[in-house]
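The residues making up each chain are set out below.
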Amino acid sequence: MQIALEAKNLIKQYPGVLAVNDVSFAVREGICFGLLGPNGAGKTTTVEIMEGVTPASSGEVWYYGAPAGKRFREEAGIQFQNTALQDFITVGETLQMFRSLYDRKADIAHVIEQCSLGDLLDRDNRKLSGGQRQRLLLAVALVNKPRLVFLDEPTTGLDPQARRNFWDLVKNIRAEGTTVILTTHYMEEAEILCDEIAIMDSGKILTQGSPVDLLKQHYKNTIIELPIDAFAGDLRDLEHRVLETQGIIEIETNNVNDSLRKLAAVSTELNHMKIRQPNLEDLFLDLTGHSLRA
Amino acid sequence: MLKRIYAIFRARNLEFFRDRGTLSWNIILPVALMFGLSFIFSSDRPEYTVGVLQQATSIDKSGHPFLASRYIDFVAVQDLEAGLHRVARHQLDLLVDFGAAPRYWVNPDSPKGYFVEFALLQADSAAGKQMTKSQVEGDAVRYVDWVLPGILGMNVMFSSLFGVGYVVVRYRKNGFLKRLRATPLRAIEFVIAQVSSRLLLILTITSFVYAGTRFFLHTRMDGSHLVLLTVLLAGSISMISLGLLVAARVTSEELAGGLLNMVTWPMMMLSGVWFSLEAATPWIQNLAAVFPLTHMLDAARAVMLDGAGFTEIMPQIGMLAGMSVVFLGLGAVTFRWHPR
């Protein structure tokens, strides 16, 4: 599979702030690539440099083996984190206007159906709900039948149902062979949608790979979660790695049976216990020492 | 390229015409001003106005018995040509020169001139002097005729500067410009679309207001509509370009509003919208020459009131074209798609 987009040693220096610090990664054609990190990690700046809307202080972006230029603008679709649309313009007119800006054009009926906008075509942009608006912005990103789509925190602010609907849309786009570059701070979103991820913090990439591989690489254990007030004994007696956070203790163990026996032996109430595998949130916490949503 | 320009042009037009509040305001303001002024100046002022040709700015009432006449407003006129022009336009009922060779000029078609001349000759006879009479030909120009180009020009100015400058800053602030930046649209295409869209809106609204005042107030038009259209186009393009220059980098609507006010208010006060600058001091006249509105109004009045053709208004059109090139060039060089 060839490389669709490649960041080469990107640096973005604002006065007093190094927002992007020598970031390099490559995105293979046809995958969904997730750039994860908390607010302020530098992921939006990185993506905007790759989109060509923010100049890098140094470094290069390559698109299919050449510096990104006119062809990239024609073939890329972009959904920004915050984009205002023109007032007094309908959904249908917005789509037509953006479609007219490209030589490469998608079948507009397909885009409308794909993003479920059929009933909204005559509606003023100002009168759209959050979910409808995100679907329109995604449709705007698809009007040029892009080979590569950037989605910058597309589900921030959406309710759980709208978020899940949006995930289905992204899966459909991905299934049609379009490369997707997604930035998010929702771990569940990244685990469901992304084939590969890169975790960023303080302007640097901390680790990169497929979610499954990264979790396998960093974790061999299972996590037991308990309300802290249910635990009666001394944490040090468990002989496992224990983390205490927000009223919950997390016990990392490679032998669940043994750990449960030890917990029962110190009269621990197990009714509210959870047993789970480590996830990307755990990975991020371990790598950076702070939560993704901090 | 043309398709992209047309797409942005069309969307901007739809946005404007569907915004009923803004549209109404753009039409109601100049119409209301015209009718208000027409009402205020519908009845002639009770006093007569006589120009006194002299260099001093104050009138010495003891210089001649006529200067002591009641109900006559005496104004000092320094320039003979300007004074004669005002007599021809009935803006002065009489022009007198009490110098070494006393003389006066009157418009034979002016009823008020007839009576003021009568009063002058009586006072002169009482003083035992003999003044030479000269006649000046010309039709009356009502204030409403004189002020119409000013009001149309002022509307063009506000529409150009706020309609383009403010909108571009709003687009930049809310990220719409950034979204366009991510498409193949080029800055020059965006600028051309904005200029064309605003030009169409200005032409539509100005034509509507102009036709309304012509129909209801029978305003004067001595020249060609084609020449007037050229003046309107040249003036509008230069002021739209100025709006784009002001908005080239600004990211705050508050700052944009302040800057636009800073540009529009001096133009409104010093470009001759409400009153003539002929009697203004030279430094004010020089300052006014910096503003595109001054040249637009000079040319529009020359066409509408004096029937000037393309040749006569070339200096003003040249100035407006030059200003447009400078404003657009600076605007393009400094243009920023999104806030840093």
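1. Regarding the overall build of chain A
- When helices and strands are tallied, chain A shows 10 helices and 14 strands.
- Along the longest, intermediate and shortest principal axes, the C-alpha atoms of chain A span 70 × 45 × 40 Å.
- Scored against the burial criterion, the 294 residues of chain A give a buried share of 39%.
- Within chain A, counting contacts between residues at least 6 apart in sequence, those at least 24 apart form 71% of the total.

2. With respect to the interface of chain B and chain A
- Listed as interface residues are 19 residues of chain B and, on the opposing side, 20 residues of chain A.
- When contributions to the side of chain B that touches chain A are tallied by element, the ones reaching two or more residues are α1 (2–18) and α6 (176–181) of chain B.
- Considering every element that reaches the side of chain B that touches chain A, the biggest residue donor is α1(B), with 7 residues.
- When the residues that make up the side of chain B that touches chain A are grouped by side-chain class, the tally is 7 nonpolar, 4 polar and 8 charged.

3. Quick look at the domain arrangement of chain B
- The domain architecture assigned to chain B consists of domain 1 (2–40 + 142–334) and domain 2 (48–135).
- One C-alpha centre belongs to domain 1 of chain B, the other to domain 2 of chain B; they are set 40 Å apart.

4. Re the nonpolar core
- Residues Ala139(A), Leu161(B), Val231(B) and Val303(B) are the most contacted members of the largest nonpolar core, which totals 140 residues.
- Broken down by element, the residue count for this core peaks at 17 residues, all from helix α5 (residues 143–173) of chain B.
- Once residues within four sequence positions are removed from consideration, Val231(B) is found in contact with Met296(B), Ala299(B), Ala300(B), Val303(B) and Ile313(B).
- In this structure, Val50(B), Val77(B), Val106(B) and Leu120(B) belong to the second largest nonpolar core, which totals 19 residues.

5. Some details on the pairing of strand β9 (residues 196–201) of chain A
All names here are of chain A.
- Summarising burial for β9: 6 of the 6 residues are buried, a large majority.
- A two-sided burial pattern is seen for β9, the buried positions comprising Glu196, Ala198 and Met200 on one face and Ile197, Ile199 and Asp201 on the other.
- Sheet analysis places β9 next to strand β10 (residues 204–209), joined by 5 bridges and oriented antiparallel. When the sheet's bridge partners are listed, Asp201 is paired in β10 with Lys204.
- Hairpin remark: β9 followed by β10, antiparallel, with 2 residues in the connecting loop; positive phi at Ser202, about 50°.

6. Topic: the confidence of the model for chain A
- Confidence in the prediction for chain A averages 86 pLDDT; 95% of positions are at 70 or higher.
- Confidence scores differ between elements of chain A, with strand β12 (residues 241–245) of chain A showing the lowest mean pLDDT of 72 and strand β4 (residues 58–63) of chain A the highest of 94.

7. Structural notes on the sheet that holds strand β8 (residues 179–184) of chain A
Residue and element names in this part refer to chain A.
- Taken in spatial order, the 6 strands line up as β6-β7-β8-β3-β9-β10 in an open sheet, and their pairing is mixed. Only two strands of the sheet have a single partner each, and these edge strands are β6 (76–79) and β10. Neighbour-to-neighbour, the strand axes of the sheet open up by a mean angle of 15°, direction not taken into account.
- Alignment of β6 against strand β7 (residues 148–152), held across 4 bridges, turns out to be parallel. When the bridges of β7 are listed, Ile78 appears paired with Phe150.

8. Some thoughts on the environment of Met304(B)
Residues and elements named next belong to chain B.
- Mapped onto the elements, Met304 comes out in helix α11 (residues 292–306).
- Taking the number of C-beta atoms within 10 Å as the measure of exposure, Met304 has 25 and is therefore buried.
- Linking Met304 and Val167, residues 137 residues apart in sequence, is a C-alpha distance of 32 Å.
- Non-local contacts of Met304, meaning those with residues more than four positions away in its chain, are made with Pro149, Arg220, Met221, Asp222, Gly223 and Leu228.

9. As for the packing of helix α7 (residues 187–217) of chain B against helix α8 (residues 225–246) of chain B
Residues and elements named next belong to chain B.
- The geometry of α7 relative to α8 is characterised by a closest axis approach of 10 Å and an angle of 135° between their N-to-C directions. Comparing their axes, α8 and α7 come out oblique. Considering the relative orientation of α7 and α8, their crossing is right-handed. Facing α7, whose interface residues are Val191, Val195, Arg198, Leu199, Ile202, Leu203 and Thr206, α8 presents Leu232, Ser236, Ile237, Ile240 and Leu244.

10. Let's talk about the packing of α5(B) against α7(B)
Residues and elements named next belong to chain B.
- Viewed as axis vectors pointing N to C, α5 and α7 meet at an angle of 155°, and their least axial separation amounts to 10 Å. The angle between α5 and α7 falls in the class roughly antiparallel. When you trace α5 past α7, the crossing you get is right-handed. Facing α5, whose interface residues are Val144, Leu148, Leu152, Asn155, Val156, Ser159, Ser160, Gly163, Val164 and Val168, α7 presents Gln194, Arg198, Leu201, Ile202, Thr206, Val209, Tyr210, Thr213 and Leu217.

Here is what the cut-offs are and how they apply
- Residue numbers run consecutively from 1 along every chain, following the written order of its sequence.
- In the order they appear in the text, chains get letters beginning with A and ligands get numbers beginning with 1.
- pLDDT decides what is reported in this predicted model: residues at 70 or higher carry local features, side-chain atom pairs at 80 or more are listed and counted, and totals for whole chains, interfaces and linings draw on all residues regardless.
- Working definition: helices are DSSP H or I runs of at least four residues, strands are E runs of at least two. Numbering for both runs from the N terminus.
- With C-beta atoms placed from the backbone, a residue is labelled by how many other C-beta atoms lie within 10 Å of its own: buried for 20 or more, exposed for 12 or fewer, partly exposed between the two.
- By definition, residues are in contact whenever their C-beta atoms, placed on the basis of the backbone, come within 7 Å of each other.
- When residue character is reported, Ala, Val, Leu, Ile, Met, Phe, Trp, Tyr, Cys and Pro are called nonpolar, Asp, Glu, Lys and Arg charged, and the others, Gly included, polar.
- Where a domain begins and ends is set by an automatic assignment or by a domain database.
- To define a nonpolar core, we join buried Ala, Val, Leu, Ile, Met, Phe, Trp, Tyr and Cys residues through C-beta atoms within 7 Å and take the resulting set.
- Only when DSSP finds a minimum of two bridges between them are two strands counted as paired.
- In predicted models, pLDDT denotes the confidence assigned by the predictor to each residue on a 0 to 100 scale.
- To get an axis, a line is fitted to the C-alpha atoms, and for a helix only the part in contact is used. The angle between two axes follows their N-to-C directions and goes from 0 to 180 degrees.
- Relative orientations are named as follows: roughly parallel for angles under 35 degrees, roughly antiparallel for angles over 145 degrees, roughly perpendicular for angles from 65 to 115 degrees, and oblique for any other angle.
- By convention the crossing between two helices is left-handed if the near helix lies anticlockwise of the far one by an angle smaller than a right angle, and right-handed if it lies clockwise.

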